[in-house]
Amino acid sequence: MNEVVISGVGLWHPEHIITNAELVASYNGWAKAENRRNAAAITASTMEALAPSSVEFIEKASGIRQRYAYVKDGVLDIERMRPNIPERGEDELSHQAEMALNAARPALAAANKTPTDIDMVVVSCAYTQRAYPAIAIEVQAALGIEGFGFDMLVACSAATFALQRACDAVAAGSARAVLVINPELTSPQVNYKDRDGHFIFGDVATAMVLERANTCTAQHSYGVLGTRARTVYSNNIRSNFGYLSFADDSDPFGTDKLFHQNGRKVFKEVCPMAADHLLAQIETLGLNVPDIRRWWLHQANINMNQLIVRRLLGTEPTKDVAPIVLDEYANTASAGSIIAFAENHEDLKPGDHGVICSFGAGYSIGSLVLRKR
Ligand code: CO8
């Protein structure tokens, strides 16, 4: 088996920012108009008035202060409440391939690699904008990479599960080097009319290069000591959007087609699962919690991360030990832990250990234990 390293990471975010204040003003404007429209039913107690959203709640409950939007136009318009993203022609670069390339190029540069060094491209994220041809093959063609590419969907664990696939391919020798890309275009699946969830997600793209240790010339590289993936079926986070919508006579734009969840239950069930998963993995590798210099955790909710780190360390978490990027990026589905890594890895010293971990819909948990070289 070949020794595998992560040799490059790339991060790209859109230029548009939506602050909590903007989002709340828009939601509250829409809710007020809905309540006016339904005034008679509300007075007759056959319908409940919609309650307002609040910036204070969002920041306290989630740690999110803003999010990036691939397209801001339309999201805050109370007559629309969804981004306005026109479909591109079939001979134009697709939206997600463009996002993917924006992260892939800096990842290749950080790894000192050119497209000719890469054999396999995996685009892995919560949604792809089409089933075929795969976004990964479009990206492969745009970069001029030989070999093969495919798309993968594993919701919040799409990045870590794809990194595990990449590791296995490099270790077994079926690819010299792999480009894993996560173009998380979440905003089209957000229900901006849902007070419980309108603030959660942001758009971003991340990418990583994995290769054999003996080909690595990058300034910062990390040996992959182990990977672990786990899934346990749960209906608490769902999106019913899919190709069957066209064949069903119910509303193809129904709210069940968008992201929806039982957030409280997710919080309670996933935190202990993630902590136990991480402990078991590092112990298998002969490591203990104090041996881990940094935890690059999934970024869904600051309180979740603090709970998990407290459970692991038995002390109050610091941003140095477990960085938080939620305040700037919000929940970016599978990209969160990769953003945390991208922005917080260069200060590690040779021999330092770190863990990348995702947890979310499925349920799914994916993790990689790394050692700085
Ligand atoms: N403003 C003001 N008040 C609010 C708001 C709001 N916007 N929303 C809810 N409230 C109120 C509620 O009505 C409730 O009031 P009351 O006590 O009177 O009933 C009160 O606030 C408390 O509500 P909750 O108990 O729901 O609040 P929580 O403290 O649980 O916080 C969270 C809600 C932030 C959603 C929290 O539960 C959470 O983060 N849970 C974890 C969720 C999670 O990790 N989910 C994973 C999702 S990501 C994923 O899996 C990837 C999916 C693929 C990507 C999808 C792309 C679109």
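**Q** For the nonpolar core, give the residues involved together with the corresponding values.
**A** Ranked by size, the top nonpolar core spans 50 residues in total, and within it Leu278, Ile282, Trp295, Leu297, Met304, Ile308 and Phe359 carry the most contacts. Breaking this core down by element, the ones donating at least two residues are helix H1 (20-37), helix H7 (263-284), strand E11 (292-297), helix H8 (302-313), strand E12 (353-360) and strand E13 (364-372). Counting residues per element, this core draws most heavily on H7, which supplies nine residues. Counting residues in hydrophobic clusters, the runner-up holds 38 residues, among them Met152, Cys167, Val180 and Met208.

**Q** Report on the pattern of salt bridges, specifying residues and quantitative values.
**A** Evaluated as defined, the whole model comprises 15 salt bridges. With a shortest N-O distance of 2.8 Å, Arg88 and Glu98 are connected by a salt bridge. With Arg88 in the loop between strand E3 (66-69) and helix H4 (95-110) and Glu98 in helix H4, the pair connects residues that are 10 residues apart, well separated along the chain. Take Arg88: its relative accessible area is 27%, and that puts it in the partly exposed class. For the salt bridge of Asp256 with Lys257, the shortest nitrogen-to-oxygen distance reads 3.2 Å. Residue Asp256 is classed as partly exposed on the basis of its relative accessible area of 31%. Each of Arg293, Arg294, Asp320 and Asp347 takes part in salt bridges that share partners, so that together they form one network.

**Q** Give a description of the packing of H1 against helix H3 (residues 55-62) that names residues and reports values.
**A** When two helices pack together, their arrangement is given by the angle between their axes and by how far apart the axes lie. Between H1 and H3, the shortest axis-to-axis distance is 9 Å and the interhelical angle comes to 125 degrees. One way to sum up the angle between H1 and H3 is to call them oblique. For the element pair H1 and H3, the recorded crossing hand is right-handed. Between H1, through Asn20, Ala21 and Val24, and H3, the contact on the second element is made entirely by Val55, Ile58 and Glu59. When the residues that make up the contact of H1 with H3 are grouped by side-chain class, the tally is four nonpolar, one polar and one charged.

**Q** Requested: an account of the site of the ligand, with residues and values cited.
**A** Taken together, 28 residues form the shell around the ligand, and within it Cys156, Arg195, Gln261, Arg264 and Asn301 come nearest. For the ligand, a nitrogen atom lies 2.9 Å from a polar atom in the side chain of Ser53. Asp196 is positioned such that a nitrogen or oxygen atom in its side chain is 3.5 Å from a nitrogen atom of the ligand. Protein chains shield 76% of the accessible area of the ligand, which is 1,200 Å² for the free molecule. When contributions to the shell around the ligand are tallied by element, the ones reaching two or more residues are H3 and H7. Top contributing element to the shell around the ligand by residue count: H7, with four residues.

**Q** I'd love a proper account of helix H5 (residues 135-143), names of residues and values included.
**A** Of all the residues in H5, the buried ones are Ile135, Ala136, Glu138, Val139, Gln140 and Leu143. Contacts made by the buried residues of H5 are with H4, strand E4 (120-125), strand E5 (148-153) and strand E6 (177-184). Positive backbone phi, approximately 75 degrees, marks Gly144, located one or two places after H5.

**Q** Could you give me a rundown of the sheet that holds E11, with the residues and numbers involved?
**A** Read from one edge to the other, the open sheet built from nine strands follows the order E5-E4-E6-E7-E1-E8-E13-E12-E11, with strand pairing classed as mixed. Both outer strands of the open sheet, E5 and E11, are each paired with one neighbouring strand and no more. Here the strands of the sheet are splayed against their neighbours by 25 degrees on average, with no regard to which way each runs.

**Q** Let's hear about empty space enclosed by the protein: which residues, and what values?
**A** Within the structure shown, the criterion is met by one cavity of 30 Å³ or more. Approximately 40 Å³ is the volume attributed to the largest cavity. Every residue lining the largest cavity is listed: Ile18, Arg67, Tyr68, Ala69, Thr186, Ser187, Tyr192, Phe201, Gly202 and Asp203. Element by element, the count of residues in the lining of the largest cavity is highest for E3, at three residues. Considered class by class, the residues forming the lining of the largest cavity number five nonpolar, three polar and two charged.

**Q** How would you summarise the packing of aromatic side chains if you had to cite specific residues and measurements?
**A** A ring pair, where both rings are aromatic, is described by two values, the distance of the centres and the angle of the planes. The full count for this structure, using the stated rule, is seven aromatic pairs. A centroid spacing of 5.4 Å and a plane angle of 55 degrees characterise the contact between Tyr68 and Tyr329, whose relative ring orientation is tilted. Of the two residues, Tyr68 sits in strand E3 while Tyr329 sits in helix H9 (residues 326-329), which places them 261 residues apart along the sequence. Judged by relative accessible area, which is 2%, Tyr329 ranks as buried.

**Q** Quick one: what's the story with a negative patch on the surface, residue by residue and with numbers?
**A** The grouping of Glu87, Glu90, Asp91 and Glu92 at the surface amounts to a negative patch. Relative to the assigned elements, Glu92 resides in the loop between E3 and H4.

Conventions and cut-offs
- Residues numbered from 1 in each chain as written.
- Predicted model: local features only at pLDDT ≥ 70, side-chain atom pairs only at ≥ 80, totals over all residues.
- Heavy atoms only, no water.
- Core = buried A, V, L, I, M, F, W, Y, C linked by side-chain atoms within 4.5 Å.
- Buried < 20%, exposed > 50% of the residue type's maximum accessible area, 1.4 Å probe, protein only.
- Helix = DSSP H or I, 4+ residues; strand = E, 2+ residues; numbered from the N terminus.
- Salt bridge = Lys/Arg side-chain N within 4 Å of Asp/Glu carboxyl O.
- Axes fitted to C-alpha atoms, helices over the stretch in contact; angles between N-to-C directions.
- Parallel < 35°, antiparallel > 145°, perpendicular 65-115°, else oblique.
- Left-handed = near helix turned anticlockwise from the far one by under 90°.
- Contact = heavy atoms within 4.5 Å.
- Nonpolar A, V, L, I, M, F, W, Y, C, P; charged D, E, K, R; others polar.
- Near = heavy atom within 4 Å.
- Polar contact = N/O pair within 3.5 Å; in protein donor to acceptor, adjacent residues only side chain to side chain.
- Areas by Shrake-Rupley, 256 points an atom, 1.4 Å probe, with all protein chains shown as cover.
- Pairing = 2+ DSSP bridges.
- 1 Å grid on protein atoms, 1.4 Å probe; cavity = no way out; pocket = protein on both sides within 12 Å on 5 of 7 lines; lining within 4 Å.
- Points joined across faces, edges and corners; volume = space filled by probe spheres on them.
- Phe/Tyr/Trp six-rings, centres within 6.5 Å; stacked < 30°, edge-to-face > 60°.
- Patch = residues over 30% accessible without salt bridge, like charges linked within 9 Å, V, L, I, M, F, W, Y side chains within 5 Å.
- Lys, Arg positive; Asp, Glu negative; His and termini not counted.
- Charge placed at Lys NZ, Arg CZ, Asp CG, Glu CD.

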